[in-house]
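Listed below, chain by chain, are the residues.
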Amino acid sequence: MYSYIKGQITEVMPTHITVDNNGIGYMIKVPNPYLYENNLNKDALTIYTYQNVREDAIELYGFSTKEEKQMFISLISVKGLGPKGALAILASSTPNDLANAILDGNDKYFKTFPGVGAKLSQQIILDLKGKINLEETSSTPKDERLESVNLALKSLGYNATEIKNVTKKLVISKDDTINSLVVQALRMLNKA
């Protein structure tokens, strides 16, 4: 699976963009391809990707931010909503707006998107309420080290609540390494 692809955008089509990475053109379906027109044949750009494998196709979906990618993954987990519908929703909304609508239980908001009726709108809220964290969809810059600490603690079996409680208590200096922050977090968790 691909986490991201960094390369030059060489083609913008109604349904996808093509990203050239070391001489290989990756066709990537994105929410709104025309947002990338200003980047056509310019400097390399990072596209966060999700690979969808079906019996009859292998498709790459791309997003301009990690938050947008995560919201896409959340949306396609909803019963009755596939990648095409999730892209349509993301094409005219932000991850933060979607998270707010889910948290507020605003089913009218989702009915405004193509292919989303009353039943699917309620299903989105039912399936995702409590699973979407506004902090995760925020576009404010994050310390990359904290994301690595979160992943390390998660891989060690700690749950999201334990990780969130300990990471907000971490004392972080510019000289701290990921390893030193993980050790600091583990000490706090072991005292609890």
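Look up: the structure comes first, before these words.
Basis of the calculations
- Position numbers for residues start from 1 in each chain and track the written sequence from start to end.
- Side-chain atom pairs in this predicted model are given and counted only at pLDDT of 80 or more, local residue features only at pLDDT of at least 70, and totals for whole chains, interfaces and linings cover all residues.
- The basis for the side-chain values is all heavy atoms of the structure; hydrogens and waters are excluded.
- Strands are runs of DSSP state E lasting at least two residues, helices are runs of H or I lasting at least four, and both sets are numbered from the N terminus onward.
- By the convention used here, residues are in contact when the closest approach between their heavy atoms is within 4.5 Å.
- Using the Shrake-Rupley algorithm and a 1.4 Å probe, accessible areas are obtained, with residue cover drawn only from the displayed protein chains.
- When charges are counted, neither His nor the chain ends are considered; positive counts come from Lys and Arg and negative counts from Asp and Glu.
- By convention, the charge on Lys lies at NZ, on Arg at CZ, on Asp at CG and on Glu at CD.
- Within 3.5 Å is the distance limit for a polar contact, defined as a pair of N or O atoms, with the added protein rule that one can donate a hydrogen and the other accept it, and that residues adjacent in sequence qualify only through two side-chain atoms.
- A pair of strands is considered paired only if DSSP assigns at least 2 bridges between the two.
- Grid points spaced at 1 Å and placed over the protein atoms alone form the basis of the search, with a cavity being a set where a 1.4 Å probe fits but cannot get out and a pocket an open set showing protein on both sides within 12 Å along at least five of seven lines. Lining residues have an atom within 4 Å of a point.
- Grid points are joined across faces, edges and corners, and a volume is the space filled by probe spheres set on the points.
- Any residue outside Ala, Val, Leu, Ile, Met, Phe, Trp, Tyr, Cys, Pro, Asp, Glu, Lys and Arg is labelled polar, Gly included; the first ten of those are nonpolar and the last four are charged.
- When a residue's accessible area, from a 1.4 Å probe over protein chains only, is under 20% of the maximum for its type it is buried; when over 50% it is exposed; and in between it is partly exposed.
- The arc refers to the directions leading from the helix axis to the C-beta atoms.

### Focus on the overall build of the protein chain
Helix and strand content of the protein chain: 9 helices and 5 strands. Each helix (α) and strand (β) of the protein chain, taken in turn from the N terminus, gives the series β-β-β-β-β-α-α-α-α-α-α-α-α-α. Dimensions of the protein chain along its principal axes, counting C-alpha atoms only, are 55 × 45 × 35 Å. Of the contacts formed within the protein chain by residues at least 6 apart in sequence, a portion of 50% connects residues at least 24 apart. Accessible surface, the protein chain: about 11600 Å² in total, of which carbon and sulfur atoms supply 51%. Both charge centroids of the protein chain, one from 22 positive and one from 21 negative side chains, sit 6 Å from each other.

### Looking at the side chain of Gln-123
Tracing the backbone shows Gln-123 in helix H5 (residues 118-128). There is a polar contact of 2.8 Å between the side chain of Gln-123 and the side chain of Asp-127. Not counting the four nearest positions on each side in its chain, Gln-123 is found in contact with Val-78 and Lys-79.

### Quick look at the environment of Leu-126
Relative to the helices and strands, Leu-126 is located in helix H5. With 38 residues separating them in the primary sequence, Leu-126 and Ala-88 have C-alpha atoms 20 Å apart.

### What about the pairing of strand S1 (residues 4-12)?
Here S1 runs beside strand S4 (residues 45-53); their pairing, made up of 4 bridges, is antiparallel. Residue pairing across strands places Lys-6 opposite Thr-46, the latter belonging to S4. Taking the residues between adjacent antiparallel strands as the criterion, S1 and strand S2 (residues 16-21) are bridged by 3 residues.

### Things to note about the layout of surface pockets
If you add up the space inside the second largest pocket, you get close to 200 Å³. Contributing to the lining of the second largest pocket are Pro-14, Thr-15, Lys-29, Val-30, Pro-31, Tyr-61, Lys-84, Leu-87 and Ala-88. At 3 residues, helix H2 (residues 83-91) tops the list of elements feeding residues into the lining of the second largest pocket. For the lining of the second largest pocket, the class distribution of residues is 6 nonpolar, 1 polar and 2 charged.

### Thoughts on helix H8 (residues 160-167)
Buried within H8 are the following residues: Ile-163, Val-166 and Thr-167. Within H8, the buried residues cover an arc of 95 degrees as seen down the axis, which keeps them to one side. Here the buried face of H8 lies against helix H7 (144-155) and helix H9 (178-191).

### Concerning the pairing of S2
Two elements, S1 and S2, share 4 bridges in a ladder whose sense is antiparallel. Paired with Ile-9 across the two strands is Val-19, which belongs to S2. Examined bridge by bridge, S2 and strand S3 (residues 24-29) share 6 bridges and lie antiparallel to one another. Its bridge partner lying in S3, His-16 is registered against Lys-29.

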